[in-house]
Amino acid sequence: MRLTTKGRFAVTAMMDLALHDQREEQPVSLASICERQDISLSYMEQLFSRLRRNGLVTSIRGPGGGYHLGRHMSRITVIDIIQAVDEHLDATLCNGNGDCQNNSRCMTHDLWSDLNKKMLDYLASVSLGDLVARHTSREGWVPAAQTPPRRARARVKTSSPSLVPA
């Protein structure tokens, strides 16, 4: 069982999109997601092509273009994202076929099959909205575009007090 970088990057990118899409009226550019997440633009384009085909994102072309979520983040689950980018999660050695050991079922096949079910059920129960809520409550996150400008500190010149003889 492995979750490859394809699945991890897709979930990370969708979370980044959700965080910025909810606070900005403009579409979110792939370049900005790639910069924030340190992911290759060409790799991200491949992932977003699949996410768009599966209705998880919508794209706007041209100058000022980018992406929006295809539906509300509470209606996008982690398993939706992983499956959209053709990630296959399976803890069995036989891809669930039951031919694990010399074309027959291995002794631990049911254990790994049960793990698959629990894993898929869990990922189906976690929405993108859940991830965003967890992140924002933990981080107190505010997107850079919404961060109020820092005020310059007023520099007060202080002089050391004079010593007056008593």
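Starting afresh in each chain, residues are numbered from 1 along the sequence in its written order. Local features in a predicted model are, by the rule used here, given only for residues with pLDDT of at least 70; side-chain atom pairs are given and counted only at 80 or more, and totals for whole chains, interfaces and linings are based on all residues. Here the side-chain values reflect all heavy atoms present in the structure, with hydrogen atoms and water set aside.

### As for the environment of Val126
Test applied: Strands are runs of DSSP state E lasting at least 2 residues, helices are runs of H or I lasting at least 4, and numbering of each runs from the N terminus. Per-residue accessibility, obtained with a 1.4 Å probe over protein chains only, is compared with the maximum for each type, and a residue is labelled buried under 20%, exposed over 50%, and partly exposed between these values. In what follows, residue pairs with any heavy atoms lying within 4.5 Å of each other are defined as contacts.
When you line up the elements, Val126 lands in the loop between helix 5 (109-125) and helix 6 (128-139). Under the relative-accessibility criterion, Val126 is labelled buried at 8%. C-alpha separation for the pair Val126 and Thr77, spaced 49 residues apart in sequence, amounts to 5.6 Å. Ignoring sequence-local partners within four residues, the contact set of Val126 consists of Ile76, Thr77, Val78 and Leu131.

### What about helix 1 (residues 5-21)?
This is how the line gets drawn: Every helix has an expected span of 1.5 Å times one less than the residues it contains.
Taking 1.5 Å of rise per residue, the 17 residues of helix 1 would be expected to cover 24 Å, and the 23 Å separating its terminal C-alpha atoms lies within 8% of that figure. Counting buried positions along helix 1 yields 12 of 17 residues, so the element is predominantly enclosed. Buried residues of helix 1: Gly7, Ala10, Val11, Ala13, Met14, Met15, Asp16, Leu17, Ala18, Leu19, His20 and Asp21, and no others.

### Section: the environment of Val132
The topology assignment puts Val132 in helix 6. Take Val132: its relative accessible area is 4%, and that puts it in the buried class. In this structure, the C-alpha to C-alpha distance between Val132 and Met15, residues 117 residues apart in sequence, is 6.6 Å. Setting aside chain neighbours within four positions, we find Val132 in contact with Met15, Ala18, Leu19, Gln22 and Met73.

### Regarding helix 2 (residues 30-37)
What counts is decided by this rule: As used here, the arc belongs to the directions running from the helix axis to the C-beta atoms.
Of the positions making up helix 2, those classed as buried are Leu30, Ile33 and Cys34. Summarising the axial view, the buried residues of helix 2 lie within an arc of 100 degrees, below the 170-degree limit, and thus occupy one face. The secondary structure elements touched by the buried residues of helix 2 are helix 1, helix 3 (41-53) and strand 2 (66-69). The first or second residue beyond helix 2 is Asp38, which carries a positive phi of 55 degrees.

### A short note on the packing of helix 2 against helix 3
Worth spelling out the cut-off: Axis definition: a line fitted to C-alpha atoms, limited for helices to the stretch in contact. Angles are taken between N-to-C directions and run from 0 to 180 degrees. An angle below 35 degrees is read as roughly parallel, one above 145 as roughly antiparallel, one from 65 to 115 as roughly perpendicular, and any other as oblique. Working rule for handedness: look at the near helix, and if it is turned counterclockwise from the far one by less than a right angle, call the crossing left-handed; if clockwise, right-handed. Each residue receives one of three labels: charged for Asp, Glu, Lys and Arg, nonpolar for Ala, Val, Leu, Ile, Met, Phe, Trp, Tyr, Cys and Pro, and polar for the others, Gly being one of them.
The geometry of helix 2 relative to helix 3 is characterised by a closest axis approach of 10 Å and an angle of 120 degrees between their N-to-C directions. The pairing of helix 2 with helix 3 is recorded here as oblique in orientation. Where helix 2 crosses over helix 3, the two elements pack in a sense that is right-handed. Listed contacts from helix 3 to Leu30, Ala31, Ile33 and Cys34 of helix 2 are Leu41, Met44, Glu45 and Phe48. Considering only residue class, the contact of helix 2 with helix 3 consists of seven nonpolar, no polar and one charged.

Purely geometric stuff here, so don't read any function into it on its own.
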